[in-house]
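# Fold and geometry: a report
Spelled out from the first residue to the last, the chains are:
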Amino acid sequence: MSITVLPARHVLLAMRHVAALLGMLIVGAVLLVAIFAPHLAPHDPFAQDLNLRLVPPEWMDGGSALHPLGTDQLGRDYLSRLMYGARISMTIGIFTVITSGLIGITLGVLGGYFGGRVDDMVMFIVTCRLSIPLILVALTVVALIGSSLTVVILTLGLLLWERFAVVSRTTTMQVRNLDYIAAAQAAGASRVHILLREVLPNILTHLVVVATLEMALAILLEAALSFLGLGVPPPLPSWGLMIAEGKDYMFFSPWVIMVPGIALFVLVLGINLLGDGLRDLLGAARPQ
Amino acid sequence: MLRFLLRRAVLALLVCLTVLVISFALTRLSGDLAISIAGPNATAEDVATIRKNYRLDRPLPVQFVEWAVHAAEGDFGSSYLYHAPVAGLIKERLPITLTLGVTGLLIALIVSIPLGIIAAMREGSAIDKAITLLALFGQAMPSFWLSLVLIIWLGLKLQLLPLSGVDTWDGYIMPGIVLAFSAIPALMRLTRAGMIDALSSDYIRTARAKGLSTAKIVLKHGLRNAAMPVVSVAAVQLGFMLGGSIVIEAVFALHGVGYLAWESISKNDFPVVQAVVLILAIIYIGLTLTADMMNAVLDPRLRTA
């Protein structure tokens, strides 16, 4: 039995790396497309051509090489819109994580380091945040303030910090009593110095994994908000908005929802694979 | 144990109060609610009339206290859009959202528990990895897109299920499947972890030594041990599902609370919005409280905590 188990283990280990690598490739590719969209896109993503509405992708009947992924209901080139859409998703993902990370890590580190009343307060805030219905509140805020990329980022950033808080709190508690913290305290380091220079670098690896999870969630939520008409405003080519706009034509031209939907799915899957791989790698690096 | 339960109940009450403030403050975010209600084409006079008619001209604390006191009595004011009491509107639609939520949770449990058990029994095997990968796929699926794909595939191509609405009971199946997707990864991981934990424990080894069959060991001893965290997370997931059903209700045109909220948000019907936020939050708080209490009763180790 041990003979068959051993190679299988190796295959699985390699598979895990393959998965993480695949995740990295997907995220890297989307990031490059997002950055270089103006150079890569074959057409202007906003240019309408009402004579070329709902042209199917190249490989389908009636498709043309001019529009590799077809056109939408206003005759806009779908590939170009998809590429510019990557910009929106990546911008939302990155800046939401920065905003929510700042909030969540601050709360979590404070609660975990000081404990007692401070910690009770932090946990109370986290509990309150969890009991608020996420999408509903996000929709309301965007509806009231007005939809724009910045508003969506700030709204999601203000809502998606609780996992950062929980993880940084737990990990801070773990390092709080370690020797090097005691040494820094004995050396007379200020609290701010200890939190920023001693605690934070040592919990950072765990937070990277949280960051990938939250980035994936933020991208999905932006798409959902835009789909419901209260996210990124048209004519911006948000993938969620593209699906919403294509919805009325999906029965006869299914690619209008399949193309942005698959893009969204692949990007989020890539981020999750990357996060899972990082968790394994960082977990393996840890002693115990 | 009584101390624990009491503390937990007081905490829940405090959270409720905070949520009350948040759901009120939420609709005042724009600064002036009257301007939001009046819309972009309104004149200053229109705004002034609205402010007076909706009694928005009084100080905020007064408005809040009045709203909170009435809300505590079950009166959430009346809808600007329907010109009917908000409480009645919600009561009418809540059964649809609850049915959808419970359907989703049942589907999620039916899928995730067996998969979690199989993954745990073959820990580290290719099957285990495949199931874990499946969870990642589920996590990456945008719910609104999955809804549309299912509508095309199950509704239009195979004609198995109705495209939208819940005129018949099978109208709940497709939205239920989509809603289940959001909970399956978490429930499956938890079942898997709980089973792995249980299968490596001493009493399972004893059971094995006694010569019990694998099926009996897994189902009788292992599952009982793994069930508790699953039950409490299932309660939390149900809360999230009720809050998240807004997207799915919108796609499938299910006239539940989520649909009502979406409609109200798009049409600036804020008494409805703040009431729905509050009610969904209170349901969530109630569910987590129940789960915690159940755990305290079932697990003697927690009682002293």
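Note that the coordinates shown come from a computational prediction; the quantities given were computed from them, not determined experimentally.

Per the secondary structure count, chain B includes 13 helices and 0 strands. Along chain B, from the amino end to the carboxyl end, the secondary structure elements read α-α-α-α-α-α-α-α-α-α-α-α-α. Overall size of chain B, expressed as C-alpha extent along the three principal axes, is 85 × 60 × 30 Å. Within chain B, the fraction of its 305 residues that count as buried is 42%.

So, about the overall build of chain A. Of regular secondary structure, chain A possesses 11 helices and 0 strands. Taken from the N to the C terminus, the helices and strands of chain A come in the order α-α-α-α-α-α-α-α-α-α-α. Principal-axis analysis of the C-alpha atoms places the extent of chain A at approximately 75 × 60 × 35 Å. Out of the 288 residues belonging to chain A, those deemed buried represent 47%. Considering only contacts within chain A whose residues lie at least 6 apart along the sequence, 70% involve residues at least 24 apart.

Let us now look at the interface of chain B and chain A. In this assembly, 37 residues from chain B lie in contact with 38 residues from chain A. Contributing elements (two or more residues each) for the side of chain B that touches chain A: helix H1 (2-27), helix H6 (126-140), helix H7 (143-157), helix H10 (214-252), helix H11 (257-266) and helix H12 (270-298) of chain B. Ranked by residues supplied to the side of chain B that touches chain A, first place goes to H12(B) with 7 residues. Looking at the side of chain B that touches chain A residue by residue, the class counts come to 28 nonpolar, 8 polar and 1 charged.

Right, let's talk about the packing of H7(B) against helix H8 (residues 173-199) of chain B for a bit. Residues and elements named next belong to chain B. Where H7 meets H8, the closest approach of the two axes is 10 Å, and the angle between their N-to-C directions is 145°. Note on packing geometry: the crossing formed by H7 with H8 is right-handed. Packed against H7, whose contacting residues are Ser143, Leu146, Ser147, Leu150 and Leu154, the element H8 presents Met174, Ile177, Val178, Phe181 and Ser182 at the interface. Residues belonging to the contact of H7 with H8 are distributed by class as follows: 7 nonpolar, 3 polar and no charged.

Here we come to the environment of A:Asn177. Tracing the sequence through the fold places A:Asn177 in the loop between helix H7 (162-176) and helix H8 (179-186). The sequence separation of A:Asn177 and A:Tyr113 amounts to 64 residues, and the corresponding C-alpha distance is 9.3 Å.

Core analysis: the largest hydrophobic core is formed by 167 residues, its most contacted members being A:Ala138, A:Leu139, A:Ala224, B:Leu187, B:Ala261 and B:Val276. In terms of residue count, the dominant contributor to this core is helix H9 (residues 191-227) of chain A (18 residues). In this structure, A:Ala138 is in contact with A:Thr155, A:Leu156, A:Leu159, A:Leu221 and A:Leu225, ignoring residues within four places of it in sequence.

Looking now at the environment of A:Arg87. Residue and element names in this part refer to chain A. Along the chain, Arg87 falls in helix H3 (residues 78-114). On the basis of neighbour counts, which here come to 22 C-beta atoms within 10 Å, the residue Arg87 falls in the buried class. In this structure the C-alpha to C-alpha distance between Arg87 and Ile35, which are 52 residues apart in sequence, comes to 6.9 Å. If sequence neighbours within four positions are ignored, Arg87 has contacts with Ala34 and Ala37.

Let us look at unusual backbone geometry. Both trends apply: most residues other than glycine have a negative phi, and most peptide bonds are in trans. Going from A:Pro234 to A:Pro235, the amide bond is cis rather than trans, its omega being 5°. The backbone of B:Gln159 shows a phi angle near 50°, a positive value even though the residue is not glycine. Relative to the helices and strands, B:Gln159 resides in the loop between H7 and H8. The phi torsion at B:Asn268 lies on the positive side, around 60°, for a residue other than glycine. Here B:Asn268 is to be found in the loop between H11 and H12.

Taking 1.5 Å of rise per residue, 15 residues should cover 21 Å, and H6(B) covers 21 Å from first to last C-alpha, within 8% of that figure. Along H6(B), the residues classified as buried are B:Ile131, B:Ala135, B:Gly138, B:Gln139 and B:Ala140.

The next subject is the confidence of the model for chain B. Residue and element names in this part refer to chain B. The predicted model of chain B averages 85 in pLDDT, with 97% of residues at 70 or higher. Highest mean pLDDT in chain B belongs to helix H5 (residues 86-121) (93); lowest belongs to helix H13 (residues 300-303) (59). Scoring the predicted complex yields pTM 0.90 and, for the interface, ipTM 0.88.

Let's shift gears to the packing of H8(B) against H10(B). Residue and element names in this part refer to chain B. Their axes nearest at 8 Å, the elements H8 and H10 cross at an angle of 160°. The orientation of H8 relative to H10 falls into the category roughly antiparallel. In this structure, H8 meets H10 at a crossing whose hand is right-handed. Of the residues belonging to the contact of H8 with H10, the class tally is 19 nonpolar, 9 polar and no charged.

Bringing the environment of B:Thr49 into the picture now. When you line up the elements, B:Thr49 lands in helix H3 (residues 44-53). Along the backbone, B:Thr49 and B:Ala38 are 11 residues apart, and their C-alpha atoms lie at a distance of 9.5 Å.

Residues and elements named next belong to chain A. Scored by pLDDT, chain A has a mean of 88; 92% of the residues are at 70 or more. This stretch, residues 1-5, has a pLDDT under 50; its non-local contacts, to residues over four places away or in other chains, come to 0 contacts. In the predicted structure, residues 284-288 sits below a pLDDT of 50 and forms 0 contacts with residues beyond four places in sequence or in another chain.

Rules behind the numbers
Residues numbered from 1 in each chain as written. Chains lettered and ligands numbered in written order. Predicted model: local features only at pLDDT ≥ 70, side-chain atom pairs only at ≥ 80, totals over all residues. Helix = DSSP H or I, 4+ residues; strand = E, 2+ residues; numbered from the N terminus. Buried ≥ 20, exposed ≤ 12 C-beta atoms within 10 Å, placed from the backbone. Contact = placed C-beta atoms within 7 Å. Nonpolar A, V, L, I, M, F, W, Y, C, P; charged D, E, K, R; others polar. Axes fitted to C-alpha atoms, helices over the stretch in contact; angles between N-to-C directions. Left-handed = near helix turned anticlockwise from the far one by under 90°. Core = buried A, V, L, I, M, F, W, Y, C linked by C-beta atoms within 7 Å. Expected span 1.5 Å × (residues − 1). pLDDT = per-residue confidence, 0-100. Parallel < 35°, antiparallel > 145°, perpendicular 65-115°, else oblique.

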